[in-house]
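Given next are the chains, with one letter for each unit.
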Amino acid sequence: VVTTPLGGADAVVAGDGTLAYVSGSIARTQRTLVWVDRQGRETPISAPPRAYRHAKLSPDGTRISLDVRDEENDIWVWDEARLTLTRLTFDPGINRGGVWTPDGRRVAFSAEREGGESLYWQNADGSGAPELLTNLERQFFPTSFSPNGKQLVFDRGAGGGPYDIGFVALDGSRQITNLLQTPFNEMSAEVSPDGR
């Protein structure tokens with residue numbers, strides 16, 4: 001039965017006891033990408049249908065980082081000018097997210113490797129190896145960079161929650177600071193353009 005990321009099931013029971021449900025997995029649903037203008041008009045993007053999640057537009061508006069939930073579970077980059085979809089991550093674990101640095105040179109993502117989930121970043125052109133940013137035994141999900149590129153904001157949880165918000169300093173110290181930590185779920189933080 002298809003379930004949502006928070007555990008809801010795509011099913012219903014009729015009065016006579018008949019169960020109707022959608023089979024499959026929400027994670028692998030084929031999706032297409034579109035541009036949407038301020039009037040709500042949609043223009044298709046030429047990228048092939050895939051199980052896209054967490055699309056993020058590059059700062060210059062020419063590329064899109066995509067978390068693709070299919071057989072590879074990797075981060076890909078769609079280049080709108082070249083009409084190419086290029087795989088960015090290649091390790092066998094699950095890679096999630098895909099947040100652009102303010103200069104558009106790197107993409108930060110979460111990766112399951114060596115028994116844990118940590119934050120990494122990779123050159124957006126695919127060159128070089130991914131660089132480890134955090135190494136803790138909790139789930140991380142990158143959501144936003146500060147405008148100066150000196151902090152990466154993330155969601156952090158442990159085995160289903162609660163999720164909290166923190167950031168990692170990118171000054172070489174890799175110090176982690178909690179921004180919001182409560183018994184509830186705090187998720188999907190975005191830094192304002194003025195950095196406050």
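All residue numbers refer to positions counted from 1 along the written sequence of the respective chain. Where totals are concerned, whole chains, interfaces and linings use all residues; where local detail is concerned, this predicted model gives features only for residues with pLDDT of at least 70, and gives and counts side-chain atom pairs only at 80 or more. As a rule here, side-chain values cover all heavy atoms of the structure and leave hydrogens and water aside.

Draft legend 1. Local environment of a nonpolar patch on the surface. Taken together, the side chains of V1, V13, L19 and Y21 present a nonpolar region at the surface, about 410 Å² in accessible area. Helix numbers and strand numbers start at the N terminus; a helix is a DSSP run of H or I with at least 4 residues, a strand a run of E with at least 2. Assignment of secondary structure puts Y21 in strand β2 (residues 19–21). Patch definition: residues above 30% relative accessible area lacking any salt bridge, with like charges linked at up to 9 Å and the nonpolar side chains Val, Leu, Ile, Met, Phe, Trp and Tyr linked at up to 5 Å. Computed by Shrake-Rupley with a 1.4 Å probe, the accessible areas treat only the displayed protein chains as cover when residues are assessed. By convention in these notes, a salt bridge is any Lys or Arg side-chain nitrogen within 4 Å of a carboxyl oxygen on Asp or Glu.

Draft legend 2. Examining the sheet that holds strand β7 (residues 74–79) more closely. Strand order in this open sheet of four strands is β5-β6-β7-β8, and the pairing throughout is antiparallel. Of all the strands in the sheet, just β5 (52–57) and β8 (84–87) have a single pairing partner and so form its edges. The mean angle between the axes of side-by-side strands here comes to 25°, regardless of whether they run parallel or antiparallel. Alignment of strand β6 (residues 63–68) against β7, held across six bridges, turns out to be antiparallel. For L66, the partnering residue across the bridge sits in β7 and is W76. Strand pairing is defined by DSSP finding a minimum of two bridges between the two strands. Here an axis means a line fitted to C-alpha atoms, over the contact stretch when the element is a helix, while the angle between two N-to-C directions is reported on a 0 to 180 degree scale.

Draft legend 3. Looking closely at the environment of V99. Relative to the helices and strands, V99 resides in strand β9 (residues 95–100). The rule is simple: take the accessible area with a 1.4 Å probe, protein chains only, and divide by the maximum for that residue type; under 20% is buried, over 50% is exposed, in between is partly exposed. Under the relative-accessibility criterion, V99 is labelled buried at 5%. Here the alpha-carbon distance between V99 and S58, two residues 41 residues apart in the chain, equals 8.4 Å. Apart from the residues within four sequence positions on either side, V99 is in contact with S65, R106, V107, A108, P142, T143, S144 and F145. By the convention used here, residues are in contact when the closest approach between their heavy atoms is within 4.5 Å.

Draft legend 4. Examining the pairing of strand β10 (residues 106–113) more closely. By the bridge criterion, five bridges tie β9 to β10 in an arrangement that is antiparallel. Bridged to W100 within β10 is V107. Taking the residues between adjacent antiparallel strands as the criterion, β9 and β10 are bridged by five residues, where G104 takes a positive phi near 75°. Strand direction decides the pairing type here: β10 and strand β11 (residues 116–123), joined by eight bridges, are antiparallel. Residue pairing in the sheet places V107 in a bridge with Q122 of β11. If you look at the hairpin formed by β10 and β11, you'll find two residues sitting between the two strands, and E114 has a positive phi there, around 50°.

Draft legend 5. Summary view of the sheet that holds strand β13 (residues 139–145). Pairing is antiparallel across the open sheet formed by four strands, whose spatial order is β13-β14-β15-β16. Each edge of the open sheet carries a strand with a single partner, namely β13 and β16 (176–180). Direction aside, neighbouring strands of the sheet carry axes that sit 35° apart on average. Across six bridges, strand β14 (residues 151–157) lies against strand β15 (residues 164–169) in antiparallel orientation. Paired with Q151 across the bridge in β15 is A169.

Draft legend 6. A look at the pattern of salt bridges. Scanning all chains against the criterion turns up eight salt bridges. Put simply, R69 and D67 hold a salt bridge, and the shortest N to O gap is 2.4 Å. Residues R69 and D67 agree in their burial class; the two are buried. Where R87 meets D74, a salt bridge forms, and the shortest distance between an N and an O atom there is 2.7 Å. Of the two residues, R87 sits in strand β8 while D74 sits in strand β7, which places them 13 residues apart along the sequence. Here R87 falls in the partly exposed class, since its relative accessible area comes to 22%. Residue D74 is classed as buried on the basis of its relative accessible area, which comes to 0%.

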